[in-house]
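Analysis of the macromolecular model
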Amino acid sequence: MDKDASQTLDPPPSPAALDAADLRIGGYVSIAMFAAGATLLPAIALPIRDMVEPVAVVAIGAASLGCAAVFAVLTRAGRISRDSLYVGDYVWVGVTAALVAASGGRSSPFFLLYPLPVLHAAAFQSARRMTSLTVVATLAFLIPLVYDSGETALFLAVAVIAVPPTVVVAWSLSTALSALHRQRHELAAVAETVGKLQRITDVTLTHLSLEELLPEVLERIVDVVRSDAAAVLIAADDLALRASCTVGLSGVEPGACLDAGEGLPGRVAQARQAITTAAVAEDDLISRAFAERGASSVVGVPLTVDDRMIGVLIVGAGGRELGRVDADLFRLAADRIALSIQRAQLYEREHLIAQTFQRSLLPERLPEIPGLSVAARYLPAGEETRVGGDWYDVLELPGDSVGLVMGDVVSHGIRAASTMGQIRSAIRAYALDRESPGGTLTKLNTVMRGLDQRETATAVYSALDLVKRTFRFASAGHPPPLVIDPAGSARFLEEGRSVPLGAHAGTHYREAVVQLEPGSTIVLYTDGLIERRGSSLNEGLERLVSEASGRPADPESLCDRLIGSLVGKEPPPDDVALLAAHVVTVPDERLELELPCRPTTLAPLRRMLRHWLSGVRASPVELQDILVAVSEAATNAIEHAYGPIEASYRVEGWRSEDRVTVTVTDSGSWRERRGVGRGRGTHLMRGLMDGFELHASGAGTVVELERRLGSRGAA
Amino acid sequence: MSTRADVHTTSYESGVVIARIAGEIDASNASHVEDRLTAAVPNSALGMVLDLSDLSFVDSSGVEVFFRLGERLEDRRQRLTVALPEGAPVERVFQIVRFGENLPLAGSVEEAETLLRAAPG
């Protein structure tokens, strides 16, 4: 097949087509006619019983009842057709003729029954059939007259005169009735189309994302127009078409691509008009998929908005021919679908930009701060909602303090993300300038009031002094910080609260200070964590306290626990940001380790040392220097160990004032290591530490390493 | 958990072998690393570039491995150059042992490779 197989339009169907309901009515009328005939027969025959053959009356009555029964069976079974009604009408004429013959010919009152089938045919048959029936009925009517009078010439004369006006009357009557039929059907068809269109397109208003919109629309199209499969292809800039969604098709990968102008979809896109074709007529992957599905009739309609080609909608059916009515419906639906796709594309674009922008403003990695262990989580809201303006930050402040920030811009989308970026930068600037939390928020409020677009935000800004262990914070209308003490009991810090940022000009933001015990954990969060549909904010806060209480946990597992129990696995309805900071217990007691003299203990030794050193707030450089020096001393101790029983070495560490001292003790005698790099280990220990002492005695060797903290790196 | 170092070597047709070491080197795995590195340089090679950007810990045991490797290659008329970017975790150790005075030290693999090719013999 080639292009001839496809056409843009097909001929209109017979406008007066009767539907099943009409035929049933016809069936019931036939039943009534035959049943009434059988019932009335004795009533009419009785007064003229001397003119009637009783046997004939009984036979004809039985025949009528039989006909009524046949129609009753056919009608109930829904198998009544136009043809059976037509046959019934002729039977009626025949029965009437028999009756007239059996009841006195032209003086028979049964003449009156002749018009009935004619009226019946006028209602349910075409004009041509009705006309022929009328002619037959008229002739049948005339026969007894002639039979009785024996005047054939008169019969012919009457027939010639009577038939034409009868035909005219029958024809006009039938035509008028068909026109009425047609009108009723057209109205019904319009109502049906509107209904279908509505069912197809009302879904387009309720979904914002294409992923949800397209399958739903296609399912409805397939359902509403009784087709088998449908597909939407979305056009790229170069008019290549990409399969975005299919229903009822297999073998079409999402995203499968058709070149510009390729196959049926390509032709629809280029012609920008609906094309009806047989699936086998084309050899593109979409048409192939429709053919495999058994679709014998396929319609493609373009999806356009303001003359811009957005994509193509393809619908295929196997059992029936998709006609002009279907194509018209698809065209109407396509307009609405195209608008929805455009809206969804714009929305998704903005959503993506806002999301990318907002993510870029969150810290990629939290700073490693000696003495503090920090974890954070950010969960974007489910797809339906817009990008929120939640943010958090962890800042290393001058001195021994760390700044912890949590905030939530009230608006959504790109605007929120941009406001969030400005606030974040401003806080960083004030914080590095040693501004207090209250002062920072007061200044920030002025910044917010001066923004071009009026925005409000809630925020907590706090400075945590790791040496004094004080938590100084100010809250601008934000949910209260939570503090978990080392024993695991949690409470909210309700002090230091003021109105949201940007709410009133000239607000002075209060601040509060609490003294933390070593081992405490601070939790900052946005309202997304505690809000849940159908429960109050207070209930959310209570849930948070009860989930955070109990066994103290490290920040990472605390965050996991809180998200797991308060948010769950589903994307939350609103953005959720969460920050947990654990003040590492400063080990008051000395570090004391005893390890077997084996080289494999070196890695675990460094791990324990690293943990202890971060507890005493050694910086990353200091930590690395001490690790190397202790590793050197421990390697020497391990190499000294010779003997029948496994020896061990001891590592002790303590912090006093501004320095860390670590000693490594073994029971052997000091020897420089052998090999090319002799003395290099000692050289490294001296170079990396501020103090290196070697005490060797008969009982063993002690290496004492000392390093000042918080100043320049040694040597 | 013992000390772990991942040695990844790539030989190029130009005769240069690039060895990237990630992880930690101490007395427990120094000889293993040394064996891996030595085996990676065929006689036909021009020499080896050691990429230490991802080395997170090294003590004198590791430094000795590099010095010994350098000497061994020199005996075979081959060269060893080391790439150590500024700010690498092991930078301080290399400074203190004055590594650069014994072996050619560069800030990147490309520079180290250039040094290797530029060397006489």
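Quick look at the structure, then. Values in this document were obtained by computation on a predicted structure and should not be read as measured data.

**Focus: the sheet that holds strand β4 (residues 275–277) of chain A**
Residues and elements named next belong to chain A. Strand order in the open sheet made by the six strands is β3-β2-β1-β6-β5-β4, with antiparallel pairing throughout. This sheet does not close on itself; its edge strands, each paired only once, are β3 (257–258) and β4. Examined bridge by bridge, strand β2 (residues 241–247) and β3 share two bridges and lie antiparallel to one another. Across the sheet, L241 pairs through a bridge with L258, a residue of β3. On the sheet, helix α7 (residues 210–224) packs against β1 (229–235), β2 and β6 (308–317) and is oriented at approximately 60° with respect to β2. Each of β1, β4, β5 (297–305) and β6 is contacted by helix α10 (residues 324–361), which is oriented at about 40° to β5, the strand it contacts most.

**Observations regarding the nonpolar core**
A629 and V630 of chain A together with L50 of chain B are the most contacted members of the largest nonpolar core, which totals 67 residues. For this core, the element with the highest residue contribution is helix α16 (residues 620–640) of chain A, accounting for 10 residues. For V630 of chain A, the residues in contact, after removing those within four places along its chain, are L609, V651, V662, V664 and L705 of chain A. A376, A457, Y461 and V583 of chain A belong to the second largest nonpolar core, which has 57 residues in total.

**Section: the interface of chain A and chain B**
Much of the literature gives interface size as the accessible area that the parts lose upon coming together. The partner chain B presents 20 residues to the 22 residues of chain A that form the contact. If you list the elements that add at least two residues to the side of chain A that touches chain B, you get α15 (602–615), α16 and α17 (680–688) of chain A. Among the elements that make up the side of chain A that touches chain B, the one with the highest residue count is α16 of chain A (eight residues). Of the residues that constitute the side of chain A that touches chain B, the class distribution is 10 nonpolar, nine polar and three charged.

**Brief notes about α15 of chain A**
Between the first and last C-alpha of α15 of chain A there are 20 Å, a value that for 14 residues agrees with the 20 Å anticipated at 1.5 Å per step. Contacts from the buried residues of α15 of chain A go to β18 (591–596), α16 and β19 (648–656) of chain A.

**Things to note about the packing of α10 of chain A against helix α11 (residues 413–432) of chain A**
Residues and elements named next belong to chain A. Direction vectors running N to C along α10 and α11 enclose 15°, while the axes themselves pass 8 Å from each other. Overall, the two elements α10 and α11 adopt an arrangement that is roughly parallel. Every pair of crossing elements has a handedness; the one defined by α10 and α11 is left-handed. Of the residues in α11, those touching α10 at E350, I353, A354, F357, Q358 and L361 are G413, I414, A417, M420, G421 and R424. Among the residues forming the contact of α10 with α11, the class breakdown is seven nonpolar, three polar and two charged.

**Details of helix α12 (residues 437–449) of chain A**
Residues and elements named next belong to chain A. Along its 13 residues, α12 runs 18 Å from first to last C-alpha, staying within 8% of the 18 Å computed at 1.5 Å per residue. Of the residues making up α12, those classed as buried are P437, G438, T440, L441, T442, L444, N445 and M448. Each element contacted by the buried residues of α12 is listed here: α11, β10 (457–465) and β11 (470–476).

**Remarks on the packing of helix α1 (residues 20–45) of chain A against helix α2 (residues 54–76) of chain A**
Residue and element names in this part refer to chain A. At a minimum axis distance of 8 Å, the contact between α1 and α2 shows a crossing angle of 160°. Taken together, α1 and α2 sit at an angle that is classed as roughly antiparallel. The chirality of how α1 crosses α2 is left-handed. Contact residues: R24, G27, Y28, S30, I31, F34, A35, G37, A38, L41, P42 and A45 in α1; V57, I60, G61, S64, L65, C67, A68, F71, A72, L74 and T75 in α2. Along the lines of polarity and charge, the residues of the contact of α1 with α2 split into 16 nonpolar, six polar and one charged.

**A short note on the pairing of strand β16 (residues 521–525) of chain A**
Residues and elements named next belong to chain A. With respect to burial, β16 is a largely interior element, five of its five residues being buried. Neither face of β16 is left uncovered, since the one carrying T521, V523 and Y525 and the one carrying I522 and L524 both have all their residues buried. Bridging between strand β12 (residues 482–484) and β16 involves three bridges; their strand directions are antiparallel. Opposite I484, over in β16, you have T521 as the bridge partner. Taken together, the five bridges between β16 and strand β17 (residues 576–583) define a ladder with antiparallel strand orientation. The residue bridging V523 from the neighbouring strand is A580, located in β17.

About the cut-offs
Residues numbered from 1 in each chain as written. Chains lettered and ligands numbered in written order. Predicted model: local features only at pLDDT ≥ 70, side-chain atom pairs only at ≥ 80, totals over all residues. Pairing = 2+ DSSP bridges. Helix = DSSP H or I, 4+ residues; strand = E, 2+ residues; numbered from the N terminus. Contact = placed C-beta atoms within 7 Å. Axes fitted to C-alpha atoms, helices over the stretch in contact; angles between N-to-C directions. Core = buried A, V, L, I, M, F, W, Y, C linked by C-beta atoms within 7 Å. Buried ≥ 20, exposed ≤ 12 C-beta atoms within 10 Å, placed from the backbone. Nonpolar A, V, L, I, M, F, W, Y, C, P; charged D, E, K, R; others polar. Expected span 1.5 Å × (residues − 1). Parallel < 35°, antiparallel > 145°, perpendicular 65-115°, else oblique. Left-handed = near helix turned anticlockwise from the far one by under 90°.

This is a description of form; function is not addressed.
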